[in-house]
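This is what each chain is made of:
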Amino acid sequence: GIEGDNTSKSSLSEGITPIYRYADALLFYAEASNKAEGAPNTLAYSCINQVRDRAFGDQNHRLAGLSPEAFDKAVFDEFGWENAFEFKRWFQLVRTERVDEMLAKNAAVGARVNADKANYLFPVPVRQAGLRGWQNNPGY
């Protein structure tokens, strides 16, 4: 803001600026390659194991030989642990289409959360939609 103006705030001061780290990129690749190829490849294992090696401080917790489903769950869980308290969980649940599954596991949270699928996507900025000829997300 303007010097001496205490009323203006940045998105960072409001706590809504997402910061993605190298570990996030590794886990995104591991998740995406497993889904795209139907099974985890060598690089996908390398990616998740790099995150685990740093987290555990050794190589005694490496993953290998998992089914595609077990690997997907391992990456999902690792992302959750890696990003605890970083306000990324909701977006992970929406991206992986697991909101309903997680809310069913915790009825108390489910009662407080408006998990209407119409609210899962942000609107496309009107100017960008107009420039590209895109339709906006449903509900906007």
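Our subject is the structure that appears above.
Residues numbered from 1 in each chain as written. Predicted model: local features only at pLDDT ≥ 70, side-chain atom pairs only at ≥ 80, totals over all residues. Heavy atoms only, no water.

For the chain, the count of helices and strands is seven helices and zero strands. Written out in order from the N terminus, the α and β elements of the chain read α-α-α-α-α-α-α. The 140 residues of the chain split such that 30% are buried. Restricting the contact set of the chain to residue pairs at least 6 apart, pairs at least 24 apart contribute 44%. Summed over all atoms, the accessible surface of the chain reaches about 9900 Å², with 58% contributed by carbon and sulfur. (Helix = DSSP H or I, 4+ residues; strand = E, 2+ residues; numbered from the N terminus. Buried < 20%, exposed > 50% of the residue type's maximum accessible area, 1.4 Å probe, protein only. Contact = heavy atoms within 4.5 Å. Areas by Shrake-Rupley, 256 points an atom, 1.4 Å probe, with all protein chains shown as cover.)

Viewed as axis vectors pointing N to C, helix α1 (residues 22–37) and helix α2 (residues 42–56) meet at an angle of 145°, and their least axial separation amounts to 8 Å. Two packed elements cross with a definite hand, and for α1 against α2 that hand is left-handed. Contacts between α1 and α2 involve Y22, A23, L26, L27, Y29, A30 and S33 from the first element and L43, A44, C47, I48, Q50, V51 and R54 from the second. Partitioned by chemical class, the residues of the contact of α1 with α2 number 11 nonpolar, two polar and one charged. (Axes fitted to C-alpha atoms, helices over the stretch in contact; angles between N-to-C directions. Left-handed = near helix turned anticlockwise from the far one by under 90°. Nonpolar A, V, L, I, M, F, W, Y, C, P; charged D, E, K, R; others polar.)

The next point concerns the packing of aromatic side chains. As enumerated under the stated definition, the model contains four aromatic pairs in all. Consider the rings of Y20 and F28, whose centres lie 5.9 Å apart with planes at 45°: the pair is tilted. Using a relative accessible area of 28% as the deciding quantity, one classes F28 as partly exposed. Centre to centre, the rings of F91 and F122 are 6.2 Å apart; their planes meet at 35°, and the pair counts as tilted. Residue F91 is located in helix α4 (residues 89–95), and its partner F122 is located in the loop between α6 (107–112) and α7 (126–132); the two are separated by 31 residues in the primary sequence. Assessed through its relative accessible area of 43%, F91 is described here as partly exposed. Aromatic ring contacts, followed pair by pair, group Y20, F28 and F79 into a single cluster. Cation over ring: K88 sits above Y20, and NZ or CZ is 4.2 Å from the ring centre. The cationic tip of R95 hangs over the ring face of F79; the distance from NZ or CZ to the ring centre is 5.5 Å. (Phe/Tyr/Trp six-rings, centres within 6.5 Å; stacked < 30°, edge-to-face > 60°. Lys NZ or Arg CZ within 6 Å of the ring centre and 35° of its normal.)

Shape is all these values report; function is a separate question.
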